[in-house]
Amino acid sequence: MTSSLRFRAAVVSIVLLAAFLGIWHLATRPTSAATNMSPEYAKLMGLTATQGKSAMPGPLDVGAKLWEHLRQPFYDNGPNDKGLGIQLGYSIARVGLGYLLAVMVAIPLGFLIGMSPLISKALDPFIQVLKPISPLAWMPLALYTIKDSSISAIFVIFICSVWPMLLNTAFGVASVRKEWINVARTLEVGTVRRAFTVILPAAAPTILTGMRISIGIAWLVIVAAEMLVGGTGIGYFVWNEWNNLSITNVIIAILMIGIVGMLLDQILARFTRMVTFPE
Amino acid sequence: MSTFDNPFDPNRGLHAGGCSCGQHVSEADHQAAQLQAQSAIESEQKRYEGVVASAVMRAMFPQDVARRAFLKSVGAATAAAALSQFFPLKTATEAFAQGGPLEKKDLKVGFIPITCATPIIMAAPMGFYSKNGLNVEVIKTAGWAVIRDKTLNKEYDAAHMLSPMPLAITMGAGSNPIPYTMPAVENINGQAITLSVKHKDKRDPKSWKGFKFAVPFDYSMHNYLLRYYLAEHGLDPDTDVQIRAVPPPEMVANLRADNIDGFLGPDPMNQRAVFDGAGFIHILTKDIWEGHPCCAFAASKEFVTTMPNTYGALLKSIIEATAYAHKAENRKEIANAIAPANYLNQPPIVLEQILTGTFADGLGNIVTQPNRVDFDPFPWQSFAVWIMTQMKRWGQIKGDIDYAGIAAQVYLATDATRLMKEAGLTPPTTTTKSFSVMGKNFDPAKPEEYLNSFKIRKAS
């Protein structure tokens, strides 16, 4: 039954993809070629102007270009021209670093907020004000004060991935069942031990959900941040190809961003399943 | 008034007469005398001594009239002797001539991927930087504001900028005031007004009321030239049309999407709009102002003063590259050197059309304009004065402006003069020249009068 459902779902997916590619292909077919253009003049013009090629690339163009990129993902032709693999590597490293810093700050602080109603109330106004700030709004301030664009990018990742983790950790810790804590108290378990053996396992699924939201946001932000500061990374790649008006490469970059984002999310989803316990 | 003419001569003419320095009847006489003077120079040492002595003399007596009075009363020889009492001319001369070791060899120079940056970019693949002992990485940057911030926070040692930017930064327009310098102009000409193909029949600017235009940056020659052009045709650029700041690649996309009617932008975007069949070239900016400056090579005053030798070597590379780019026969080679993804990332045929000046105009004609874009490093201080008149005209700066003072502080003409000579070029002997923009003469000595002569300007 399940396998048949899976099979049918796969078929529907493939049909949808084929339909999408088909419509895309038809919509970007060349229109009629320009007539009465002298050959010397035509030599100076692009395919869009001479052969009525659509300004939007078709799926075949994108496929061919993608194959080109995949065959050589790690080439390095100087500071402004690196392979797609290297660019993705830079972005993942930045996200990883900023995210790790956020984990190191958000989880202990979230624990504190969750366990102490006083601190929770005292920090609440700050969190509420800082949480909704768009990550890119931090960028000029970061560039101006930190005076280093790659550290600024990491800072922006940090500042935007810290809030979901912090709030989820605090919420998870605060809503650990009272009975469990009371049992621990009865057995005279110390505060530190109680935190690690009772509260942490109980709050882990909520904490990991927060971490999963955060990695998604971090990946969203890195592209925009790199477009702004330039240099390296997949966001810079998008900007650079846009500067070249190469929509084909922009589409490829979008596809890559989507795939990497999905993988990051899946990794965190797997961790979440590992710590979740059946009740 | 170059550093190379003799300030110890009390009879030297003060006003431009028949030639560019004002001492000769005609430009031909001037050049002949110039040649003679050149061959008369006995040694490098002698020449540097003259340069340093005259620079010091000028520094002590910036007013020509005061200097003249002083020289008349004591005589030139006494003046030089008196000067060396206060200032160790010999040591200064040596330091200036030898250049000394480079303070820093690995440099980062930022650029925006447009053809204006050609000398800065091509100096890397074509070896001009390495020839002068530098290891320069040229780094593509996302926009003018980013390039400004990255040079201000020293991630870049120097950068490609729009020629009004160092003035704006120095005066604190649009950012904090930070002393900035512009030792070399990158390119002259090289921009165009491109209109959407749907306006093929609207060639008269008077019919452009309500148009939406794009320029790359508020503090840019593009903005001032477009405003000037519109105003000369009776349109008020602030009320009759819309002018927005838009990054160059988005200009072409917006033109195709019908969001804007045209733009005055940098190449390759004008030619790219033609290449992609989205627009046509209405007018080249060289037809608005023949020889106008556009982009520049800029560095902070701090870099210039703390690393004089590195700065000298870097500027020398740029000036040599600019001289190479100036020659028409090299243009095809340059187009191929800067086309790859690492630099401009454009189809070579587009760059070739721009640099060689034989191009499709988007209306079905092949046009030949060999100096569509040209490269000339000399930072004329009168360019700076003109730019400041336009900044004031459109309300970007207000109040009394020390036009000549700021121009001399930012546009480092003396460095360019020295290095152009070393590179085997003949620099001009003055730092200001008058020119005309759309047939209207500009006298750099009378900026306020020039400014007041415009009917259309922002009321302030």
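Residues numbered from 1 in each chain as written. Chains lettered and ligands numbered in written order. Predicted model: local features only at pLDDT ≥ 70, side-chain atom pairs only at ≥ 80, totals over all residues. Heavy atoms only, no water.

Undergrad: What's the story with the overall build of chain B in this structure? I'm lost.
TA: Along the backbone of chain B there are 20 helices and 16 strands. A buried classification covers 56% of the 460 residues belonging to chain B. Sequence-distant contacts in chain B: of pairs separated by 6 or more residues, those separated by 24 or more amount to 75%. Taken as a whole, chain B presents about 17600 Å² of accessible surface, with 52% of it coming from carbon and sulfur. (Helix = DSSP H or I, 4+ residues; strand = E, 2+ residues; numbered from the N terminus. Buried < 20%, exposed > 50% of the residue type's maximum accessible area, 1.4 Å probe, protein only. Contact = heavy atoms within 4.5 Å. Areas by Shrake-Rupley, 256 points an atom, 1.4 Å probe, with all protein chains shown as cover.)

Undergrad: Is there a simple way to explain helix α11 (residues 248–256) of chain B in this structure?
TA: Three or four residues apart is the spacing at which side chains of an α-helix point the same way, because the helix has 3.6 residues per turn. Of the positions making up α11 of chain B, those classed as buried are P248, P249, M251, V252, N254 and L255 of chain B. Structurally, α11 of chain B contributes buried residues whose contacts are with α11 (234–243) of chain A together with β6 (191–196), β7 (212–215), β9 (262–266), α12 (269–275) and β10 (279–284) of chain B. Positive backbone phi, approximately 70 degrees, marks D258 of chain B, located one or two places after α11 of chain B.

Undergrad: Please clarify how the packing of aromatic side chains should be interpreted in this entry.
TA: Two descriptors summarise a pair of aromatic rings, namely the distance from one centre to the other and the angle between the planes of the rings. Residues and elements named next belong to chain B. In total, this model carries 19 aromatic pairs over all chains according to the counting rule given. Between the aromatic rings of W208 and F211, the centroid separation amounts to 6.0 Å while the plane-to-plane angle is 10 degrees, which identifies the pairing as stacked. For the pair shown, W208 and F211 are each scored as buried. Centre to centre, the rings of W208 and Y229 are 6.1 Å apart; their planes meet at 40 degrees, and the pair counts as tilted. In this pair, W208 sits in the loop between β6 and β7 while Y229 sits in helix α10 (residues 221–232), placing the two residues 21 residues apart along the sequence. For the pair W208 and Y229, a shared accessibility class is recorded, and that class is buried. Members of the aromatic cluster, connected to one another through ring pairs, are Y228, W289, F383, W386, F435, F442, Y450 and F454. (Phe/Tyr/Trp six-rings, centres within 6.5 Å; stacked < 30°, edge-to-face > 60°.)

Undergrad: Would you explain the nonpolar core in this entry?
TA: A general trend in soluble globular proteins is that nonpolar side chains are found buried together. Core analysis: the largest hydrophobic core is formed by 115 residues, its most contacted members being L314, W386 and M388 of chain B. Dropping the residues within four chain positions of it, L314 of chain B is found in contact with L107, V109, Y129, L134, V136, A158, F297 and F303 of chain B. Grouped together as the second largest cluster of nonpolar side chains are 68 residues, I199, A203, A225 and V250 of chain A included. (Core = buried A, V, L, I, M, F, W, Y, C linked by side-chain atoms within 4.5 Å.)

Undergrad: Please clarify how unusual backbone geometry should be interpreted in this entry.
TA: Leave glycine aside and you will find that most residues have negative phi; peptide bonds, for their part, are mostly trans. Residue and element names in this part refer to chain B. Following D267, the chain continues into P268 via a peptide bond in cis, with omega recorded as 15 degrees. As for its placement among the helices and strands, P268 is situated in the loop between β9 and α12. Positive phi is not limited to glycine here, since N345 has a value of about 60 degrees. For N345, the location among the structural elements is in the loop between α15 (331–338) and α16 (348–356). Owing to a relative accessible area of 9%, N345 belongs among the buried residues under this scheme. Residues other than glycine seldom take positive phi values, yet M438 does so here, at roughly 50 degrees. Along the chain, M438 turns up in the loop between β15 (435–437) and β16 (440–442).

Undergrad: Would you explain helix α4 (residues 59–71) of chain A in this entry?
TA: Residue and element names in this part refer to chain A. When the terminal C-alpha atoms of α4 are compared, their 18 Å separation across 13 residues agrees well with the 18 Å that a helix rising 1.5 Å per residue should span. Within the span of α4, buried status applies to P59, V62, L66 and H69. Angularly, the buried residues of α4 cover 85 degrees about the axis, an arc narrow enough to put them on a single face. Seen from the buried face of α4, the exposed residues on the opposite side, beyond 90 degrees, are L60, W67 and R71. (Expected span 1.5 Å × (residues − 1). Arc of directions from axis to C-beta.)

Undergrad: How should the packing of helix α9 (residues 164–171) of chain B against helix α17 (residues 381–393) of chain B be read in this particular structure?
TA: To characterise two packed helices, one gives the angle between the axes of the helices and the distance between these axes. All names here are of chain B. Contact pair α9 / α17: the axes reach a minimum separation of 10 Å and the direction vectors enclose 65 degrees. Crossing angle aside, the handedness with which α9 passes α17 is right-handed. Packed against α9, whose contacting residues are P164, L167, A168 and M171, the element α17 presents A384, I387, M388 and M391 at the interface. Along the lines of polarity and charge, the residues of the contact of α9 with α17 split into 8 nonpolar, no polar and no charged. (Axes fitted to C-alpha atoms, helices over the stretch in contact; angles between N-to-C directions. Left-handed = near helix turned anticlockwise from the far one by under 90°. Nonpolar A, V, L, I, M, F, W, Y, C, P; charged D, E, K, R; others polar.)

Undergrad: Would you mind going over the sheet that holds strand β2 (residues 135–140) of chain B with me for this structure?
TA: Residue and element names in this part refer to chain B. Strand order in the open sheet made by the 5 strands is β2-β1-β3-β11-β4, with mixed pairing throughout. The open sheet has two edge strands with one neighbour each: β2 and β4 (180–185). The sheet shows a mean angle of 30 degrees between the axes of neighbouring strands, direction not considered. Bridge count for strand β3 (residues 158–162) against strand β11 (residues 295–300) is 4 bridges, and the pairing is antiparallel. Bridge assignment links M161 to a residue of β11, and that residue is A296. Running over the sheet, α9 touches β3, β4 and β11 and is turned about 100 degrees from β3. (Pairing = 2+ DSSP bridges.)

Undergrad: Whenever I open this one, the side chain of T28 of chain A confuses me. Can you help?
TA: Residues and elements named next belong to chain A. Within the element layout of this structure, T28 appears in the loop between α1 (2–27) and α2 (39–43). Residue classification places T28 among the buried positions, given a relative accessible area of 12%. Not counting residues within four places of it along the chain, the set of residues in contact with T28 comprises S54, M56, P57, G58 and P59.

Undergrad: Could you clarify how one ought to interpret the environment of P164 of chain A in this entry?
TA: All names here are of chain A. Within the secondary structure, P164 sits in helix α8 (residues 149–174). Each C-alpha atom, one on P164 and one on F196, is 21 Å from the other, the two residues being 32 residues apart in sequence. Each residue touching P164, except ones within four places of it in the same chain, is listed here: G210, I213, S214 and I217.

Undergrad: In this structure, what is going on with the sheet that holds β6 of chain B? I would like to understand it.
TA: Sheets are built from strands paired through backbone hydrogen bonds, the pairs being either parallel or antiparallel. Residues and elements named next belong to chain B. Taken together, 5 strands build an open sheet; the order of strands is β8-β7-β9-β6-β10 and the sheet is mixed. For this open sheet the edge positions go to β8 (242–245) and β10, each flanked by a neighbour on one side alone. Averaged over neighbouring strand pairs, the angle between their axes works out to 25 degrees when direction is ignored. Sheet topology note: the β6/β9 ladder contains 5 bridges and is antiparallel. Residue pairing for β9: I193 is matched across the bridge by L264. Set on the sheet, α11 makes contact with β6, β7, β9 and β10; between it and β9 the angle comes to about 155 degrees.

Undergrad: Sorry, what's going on with the interface of chain A and chain B here?
TA: Interface extent is often summarised as the accessible area lost during association of the parts. Opposite the 32 residues of chain A that make contact, chain B presents 38 residues. Around 2800 Å² of area is buried between chain A and chain B when both sides are counted, 55% of it from carbon and sulfur atoms. When the buried surface of chain A facing chain B is broken down by residue, Y41, L44 and L245 of chain A rank first, second and third, together holding 22% of it. Seen at the junction of chain A and chain B, the total is 0 salt bridges. Put simply, chain A and chain B have 5 residue pairs in polar contact (both at pLDDT 80 or more) between them. Those elements that place two or more of their residues in the side of chain A that touches chain B are α2, α3 (47–50), α7 (135–146), α10 (191–229) and α11 of chain A. Looking at the side of chain A that touches chain B, the element that brings in the most residues is α11 of chain A, giving 6 residues. Here the residues of the side of chain A that touches chain B are counted per class, giving 15 nonpolar, 11 polar and 6 charged. (Buried area = accessible area lost by both parts, 1.4 Å probe. Salt bridge = Lys/Arg side-chain N within 4 Å of Asp/Glu carboxyl O. Polar contact = N/O pair within 3.5 Å; in protein donor to acceptor, adjacent residues only side chain to side chain.)

Undergrad: I would appreciate a short explanation of the side chain of T170 of chain B in the present structure.
TA: Residue and element names in this part refer to chain B. Summarising the element assignment, T170 is placed in helix α9. Looking at T170, its side chain comes within polar contact range of the main-chain oxygen of P166, at 2.6 Å. Sequence-distant contacts of T170, that is, excluding residues within four places in its chain, are made with P177, I178, P179, Y180, Q409 and V410.

Undergrad: Quick question: what am I supposed to make of the pattern of salt bridges here?
TA: Note that side chains of opposite charge can pair when their charged atoms are close. All names here are of chain B. Considering all chains together, one arrives at 18 salt bridges over all chains under this definition. The shortest N-O distance in the salt bridge between R272 and D276 comes to 3.5 Å. Considered together, R272 and D276 belong to a single accessibility category, that of buried residues. Several salt bridges share partner residues, and in doing so they unite R256, R272 and D276 into one network.

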